[in-house]
Amino acid sequence: MSGENHNENHEADRAGERWKLKGAAWRVFFYVVGAYVFLNAVGMLGAHAQK
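We now turn to the structure provided with this report.

1. Quick notes on the overall build of the protein chain
So, point 1. The secondary structure content of the protein chain amounts to one helix and zero strands.
So, point 2. Residue burial in the protein chain is summarised as follows: out of 51 residues, 0% are buried.
So, point 3. Total accessible area computed for the protein chain in this model is approximately 5000 Å², and 66% of it derives from carbon and sulfur atoms.

Below, the structure written as structure tokens:
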């Protein structure tokens, strides 16, 4: 077991963590945008129904 191999694994772990964080950030972004669009649509339908 060489130090070089351990260092490569550490780099791969760090890249994997970065990838997970990026994926989580995108998921949160899409949830927020989706909720905004959904609530806007419901609001417009409600305003239309009150006319």
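2. Some words on the packing of aromatic side chains
So, point 1. The final tally for this structure, using the stated rule, is three aromatic pairs.
So, point 2. Ring centres of Trp26 and Phe30 lie 5.7 Å apart, and the angle between their planes is 25°; this geometry places the pair in the stacked category. Here Trp26 pairs with Phe30, and both are found in helix α1 (residues 3-50), just four residues apart, close to one helical turn.
So, point 3. Aromatic side chains Phe29 and Phe30 sit 5.6 Å apart centroid to centroid with 65° between the ring planes, which places their arrangement in the edge-to-face category.
So, point 4. Here Phe30 falls in the exposed class, since its relative accessible area comes to 53%.
So, point 5. One aromatic cluster in this structure is built from Trp26, Phe29 and Phe30.

3. A few points about the pattern of salt bridges
So, point 1. Under the definition given, this model contains two salt bridges.
So, point 2. Notably, a salt bridge pairs Arg14 with Glu11, separated by 3.4 Å at the nearest N-O pair. Placement of the pair is Arg14 and Glu11 together in helix α1, with a separation of three residues, close to one helical turn.
So, point 3. Here Glu17 and Lys20 are joined by a salt bridge, their closest N and O atoms 3.7 Å apart. On the criterion of helical spacing, the pair formed by Glu17 and Lys20 is a turn pair, its members being three residues apart in helix α1.
So, point 4. For Lys20, a relative accessible area of 55% corresponds to the exposed category.

Calculation notes
- Residues numbered from 1 in each chain as written.
- Predicted model: local features only at pLDDT ≥ 70, side-chain atom pairs only at ≥ 80, totals over all residues.
- Heavy atoms only, no water.
- Helix = DSSP H or I, 4+ residues; strand = E, 2+ residues; numbered from the N terminus.
- Buried < 20%, exposed > 50% of the residue type's maximum accessible area, 1.4 Å probe, protein only.
- Areas by Shrake-Rupley, 256 points an atom, 1.4 Å probe, with all protein chains shown as cover.
- Phe/Tyr/Trp six-rings, centres within 6.5 Å; stacked < 30°, edge-to-face > 60°.
- Salt bridge = Lys/Arg side-chain N within 4 Å of Asp/Glu carboxyl O.

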